[in-house]
There are 2 protein chains.
Amino acid sequence: MEEGTSKSPGYCLDTEDYDVLQWDVREGCEVRQILDRIADKWSLLVIALLDRRTLRFTELRRAIDGISQRMLSVTLRQLERDGLVLRTVHPVVPPRVDYALTPLGSTLHATIQALVDWTEGSQHEIAAARAEYDRRRAEEAVLDEAN
Amino acid sequence: MEEGTSKSPGYCLDTEDYDVLQWDVREGCEVRQILDRIADKWSLLVIALLDRRTLRFTELRRAIDGISQRMLSVTLRQLERDGLVLRTVHPVVPPRVDYALTPLGSTLHATIQALVDWTEGSQHEIAAARAEYDRRRAEEAVLDEAN
DNA sequence: CGGAATCCAGGCAGATACTG
DNA sequence: CAGTATCTGCCTGGATTCCG
């Protein structure tokens, strides 16, 4: 298995005197693990597409520009394992396999959409912040040059 | 700069006959880029901690079990560049630097919290799905063994 | 068509050492 | 204390090949 069970629960928060952050401390980083998965490079795209309708492997592949068959395969298997995607094999030749969102997967998509909306709404503000930051750094670089 | 401006807007969705997925097609993958950043290994933890109160570099380092000073530094710089975190240097010896969430950062935290809540609420269902999946795979492996 | 297996490069992140 | 710089190892993910 390529990643499967991640070895390190390494990035749990230390409680120390920061008493809460309940979700991360208590669940043995289960939450982080799941978060990492759904936030990975391709999962979101797959879920977004499947939320529109059931798709076949090749349809997904063509719809997601830049994904390799390997990564699509890996991504789909993970999503299937997590119970977010349902895989249906039709016993015909040539083989036909359909992928659909489970009810759980649908609720995830709804939640994710909120995050996407935030990103959409904030992107200009972020772009401005980046430009400003870069401008200042360039400015400082010039000053360093001068001495 | 280590990662800075990512080279490939590679993973945009192909419109083809899947007409919408507005957010990803239209913005030149700006959304994906931002999403990747906030969903990375450490950003969420930093944001969650700073949402509770302003913290110094070393406080963050100690609070986040397993993070290297390098990754904390990189993460903070990115968040600062994106306008999500405010960095304040106090001109004293020994140096003191405070990190705080900007208003934009706070709104992000609120949004993220919804996702965390979903994960918390779904984690048992996911764990069950995984167990079931693994059980079936093991079953099939035994059958393969038999022939 | 829908994958699994193998091979391999490039980038990401850890360890260490050094600065202001 | 709060970082930066360099070096290196490892893992992720792409390309290719093969199978049912």
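Before going into details, it helps to say that this report is about the structure given with it. (Residues numbered from 1 in each chain as written. Chains lettered and ligands numbered in written order. Predicted model: local features only at pLDDT ≥ 70, side-chain atom pairs only at ≥ 80, totals over all residues. Heavy atoms only, no water.)

1. Regarding the overall build of chain A
Logical step 1: Check the secondary structure of chain A and you find six helices and three strands.
Logical step 2: Counting helices and strands in the order they occur from the N terminus, chain A gives α-α-α-β-α-α-β-β-α.
Logical step 3: Here chain A holds 147 residues, and the buried ones make up 44% of them.
Logical step 4: Excluding contacts between residues fewer than 6 apart, the proportion of contacts in chain A whose partners are at least 24 apart in sequence is 43%.
Logical step 5: If you sum the accessible surface of chain A, you get close to 7900 Å²; carbon and sulfur atoms cover 52% of it. (Helix = DSSP H or I, 4+ residues; strand = E, 2+ residues; numbered from the N terminus. Buried < 20%, exposed > 50% of the residue type's maximum accessible area, 1.4 Å probe, protein only. Contact = heavy atoms within 4.5 Å. Areas by Shrake-Rupley, 256 points an atom, 1.4 Å probe, with all protein chains shown as cover.)

2. A look at the pairing of strand S2 (residues 85-90) of chain A
All names here are of chain A.
Logical step 1: Of the pairings in the sheet, the one linking S2 to strand S3 (residues 96-101) comprises six bridges and is antiparallel in character. Bridging from a neighbouring strand, His90 pairs with Arg96 of S3.
Logical step 2: Turn length for the S2-S3 hairpin, with the two strands adjacent in sequence and antiparallel, is five residues. (Pairing = 2+ DSSP bridges.)

3. A short note on helix H5 (residues 69-81) of chain A
Residues and elements named next belong to chain A.
Logical step 1: Taking 1.5 Å as the rise per residue, H5 with 13 residues should run 18 Å; its terminal C-alpha atoms sit 18 Å apart, in good agreement.
Logical step 2: Along H5, the positions that sit buried rather than exposed are Leu72, Val74, Thr75, Leu76, Gln78, Leu79 and Arg81.
Logical step 3: Downstream of H5 by one or two residues, Gly83 has phi in the positive range, about 75°. (Expected span 1.5 Å × (residues − 1).)

4. Section: empty space enclosed by the protein
Logical step 1: Enumeration over the complete set of coordinates arrives at three cavities of 30 Å³ or more.
Logical step 2: A volume near 150 Å³ is recorded for the largest cavity.
Logical step 3: Contributing to the lining of the largest cavity are 14 residues, with Ala39(A), Leu115(A), Leu35(B), Ala39(B) and Leu115(B) lying nearest its centre.
Logical step 4: Counting residues per element, the ones that place at least two in the lining of the largest cavity are helix H2 (30-38) and helix H6 (103-146) of chain A together with helix H2 (30-38) and helix H6 (103-146) of chain B.
Logical step 5: The element best represented in the lining of the largest cavity is H2(B), accounting for four residues.
Logical step 6: Grouping the amino acids of the lining of the largest cavity by side-chain chemistry returns twelve nonpolar, no polar and two charged. (1 Å grid on protein atoms, 1.4 Å probe; cavity = no way out; pocket = protein on both sides within 12 Å on 5 of 7 lines; lining within 4 Å. Points joined across faces, edges and corners; volume = space filled by probe spheres on them. Nonpolar A, V, L, I, M, F, W, Y, C, P; charged D, E, K, R; others polar.)

The quantities given are spatial measurements derived from coordinates; they are silent on function.
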